[in-house]
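# Report on the structure
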Amino acid sequence: MNAKLKDICLLLVDVDGVMTDGRIIYDGNGLESKFFNVKDGHGIKMLQRHGVEIGIITGRTSIVVDIRARELGISIVYQGALKKLECYNEIKLKTGLSDDQIAYIGDDIVDVPVMRRVAFSASPSDGLQEVRNLADYVTSCAGGKGAVREVCDMIIKARGGWEEVVARYEL
């Protein structure tokens with residue numbers, strides 16, 4: 001698994017069920033809320049500092065996703081992506097990266113076409129069974145509960161940067 005992870009330059013993630021627990025909450029005014037995990041966000045920031053870019057490909061469209069992406073410094077954001085493979089191919093063209101430099105975390109059937117292309121695919125522990133069966137790795141954490149962080153840490157470690165990350169937080 002480390003061999004697949006050491007050359008990763010871009011981590012693409014789904015949102016609902018991966019960055020969140022999949023719940024969508026509407027208030028009385030129809031405003032949408034999602035629950036993001038701070039550990040996932042910290043993992044994303046650490047991975048970015050380690051030189052790996054992050055991107056989002058999600059089937060739904062939500063202002064909440066734009067806000068979270070801006071907060072985390074994620075500039076590759078595709079929303080309303082019902083055919084995620086088209087977005088994936090566009091991302092490859094824009095970045096100049098190849099399949100063997102990209103990882104993806106998905107949890108549902110719509111994620112399968114991209115998961116089949118990338119060097120490394122992961123699914124949260126509560127992802128659809130068919131997706132977990134296809135994934136190179138199934139996280140111990142559920143979506144929205146540390147699954148993204150788990151994969152971020154794995155990539156950093158495989159690239160030999162964990163000691164550098166830890167040193168940043170030592171006194």
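Worth saying up front: this structure is predicted, and the values here are computed from it rather than measured. Residue positions are given per chain, counting from 1 as you read along its sequence in written order. For this predicted model, a pLDDT threshold of at least 70 governs which residues receive local features, and a threshold of 80 or more governs which side-chain atom pairs are given and counted, while totals over whole chains, interfaces and linings are taken from all residues. As a convention, hydrogens and water are excluded, and side-chain values are obtained from all of the structure's heavy atoms.

Moving on, we come to the side chain of Gln 79. A run of DSSP states H or I qualifies as a helix once it reaches four residues; a run of E qualifies as a strand once it reaches two. Both are numbered from the N-terminal end. Here Gln 79 is to be found in the loop between β5 (76–78) and α4 (84–95). Pairs of N or O atoms within 3.5 Å make up the polar contacts considered here, provided that, within protein, one atom can donate a hydrogen while the other can accept it, and that residues adjacent in sequence are counted only when both atoms are side-chain atoms. A polar atom in the side chain of Gln 79 sits 2.6 Å from the backbone nitrogen of Ser 62. Contact definition: two residues touch when any of their heavy atoms are within 4.5 Å. When residues no more than four places from it in sequence are discounted, the contact partners of Gln 79 are Thr 58, Arg 60, Thr 61, Ser 62, Val 65 and Asp 66.

Fitting a line to C-alpha atoms yields each axis, with helices limited to the stretch in contact; the angle taken between N-to-C directions then spans 0 to 180 degrees. In the contact formed by helix α2 (residues 38–49) and helix α7 (residues 147–158), the axes pass within 7 Å of each other and the chain directions differ by 25 degrees. The pairing of α2 with α7 is recorded here as roughly parallel in orientation. For the element pair α2 and α7, the recorded crossing hand is left-handed. Within the contact between the two elements, α2 uses Lys 39, Asp 40, His 42, Gly 43, Ile 44, Met 46 and Leu 47 and α7 uses Ala 147, Val 148, Arg 149, Cys 152, Asp 153, Ile 155 and Ile 156. Of the residues contributing to the contact of α2 with α7, the split by class is eight nonpolar, two polar and four charged. For classification, angles of less than 35 degrees are called roughly parallel, those exceeding 145 degrees roughly antiparallel, those between 65 and 115 degrees roughly perpendicular, and all remaining angles oblique. Handedness of a crossing follows from how the near helix is turned relative to the far one, being left-handed for an anticlockwise turn of less than a right angle and right-handed for a clockwise one. In the scheme used here, Gly and all other residues not listed as nonpolar or charged are polar, with Ala, Val, Leu, Ile, Met, Phe, Trp, Tyr, Cys and Pro taken as nonpolar and Asp, Glu, Lys and Arg as charged.

This brings us to the pairing of strand β7 (residues 120–123). When accessible area is computed with a 1.4 Å probe and restricted to protein chains, residues below 20% of their type maximum are described as buried, those above 50% as exposed, and intermediate ones as partly exposed. Residue alternation in β7 divides its side chains into two sets, Phe 120 and Ala 122 and Ser 121 and Ser 123, and both sets are buried. For the handedness criterion, the strands are oriented away from the viewer, and a crossover whose path from the first strand over the helix to the second runs clockwise is classed as right-handed. One crossover worth recording links β7 to the parallel strand β8 (residues 137–138) by way of helix α6 (residues 129–134), and it is right-handed.

Turning our eyes to something else, we now look at the pattern of salt bridges. Salt bridges, as used here, are contacts in which a Lys or Arg side-chain nitrogen is within 4 Å of a carboxyl oxygen on Asp or Glu. In this structure the tally under the stated criterion is 13 salt bridges. A salt bridge links Glu 32 to Arg 60, with the shortest nitrogen-to-oxygen separation between them at 2.9 Å. Taken together, the residues Glu 32 in strand β3 (residues 32–33) and Arg 60 in the loop between β4 (53–57) and α3 (63–72) connect sequence positions 28 residues apart. With a relative accessible area of 27%, Arg 60 lands in the partly exposed category. The partner of Glu 90 in a salt bridge is Lys 94, and the shortest N-O contact between them spans 3.2 Å.

Helix length check: α2 (12 residues) gives 17 Å between terminal C-alpha atoms against 16 Å at 1.5 Å per residue, within 8%. Among all positions of α2, only Asp 40, Gly 41, Gly 43, Ile 44, Met 46 and Leu 47 are buried. Looking at the packing, one finds that the buried side of α2 touches β1 (10–13), β4, α3, α7 and α8 (162–168). Two or three places before Lys 39, at the opening of α2, Asn 37 has a side-chain oxygen 2.6 Å from that residue's backbone nitrogen. Positioned one or two residues after α2, Gly 51 has a phi angle of 95 degrees, which is positive. Expected span of a helix, by definition, is 1.5 Å for each gap between consecutive residues, and there is one gap fewer than residues.

Attention now moves to α3. Buried residues of α3: Val 64, Val 65, Arg 68, Ala 69 and Leu 72, and no others. Projected down its long axis, α3 shows its buried positions confined to an angular sector of 130 degrees, all on one face. Away from its buried face by more than 90 degrees, α3 exposes Ile 63, Arg 70 and Glu 71. As for α3, its buried residues are in contact with β3, α2, β4 and β5. For α3, the N-terminal capping position is held by Ser 62, with its side-chain oxygen 3.1 Å away from the main-chain nitrogen of Val 64. Of the residues flanking the end of α3, it is Gly 73, one or two places downstream, whose phi is positive at about 75 degrees. By arc we mean the arc of the directions from the helix axis to the C-beta atoms, nothing more.

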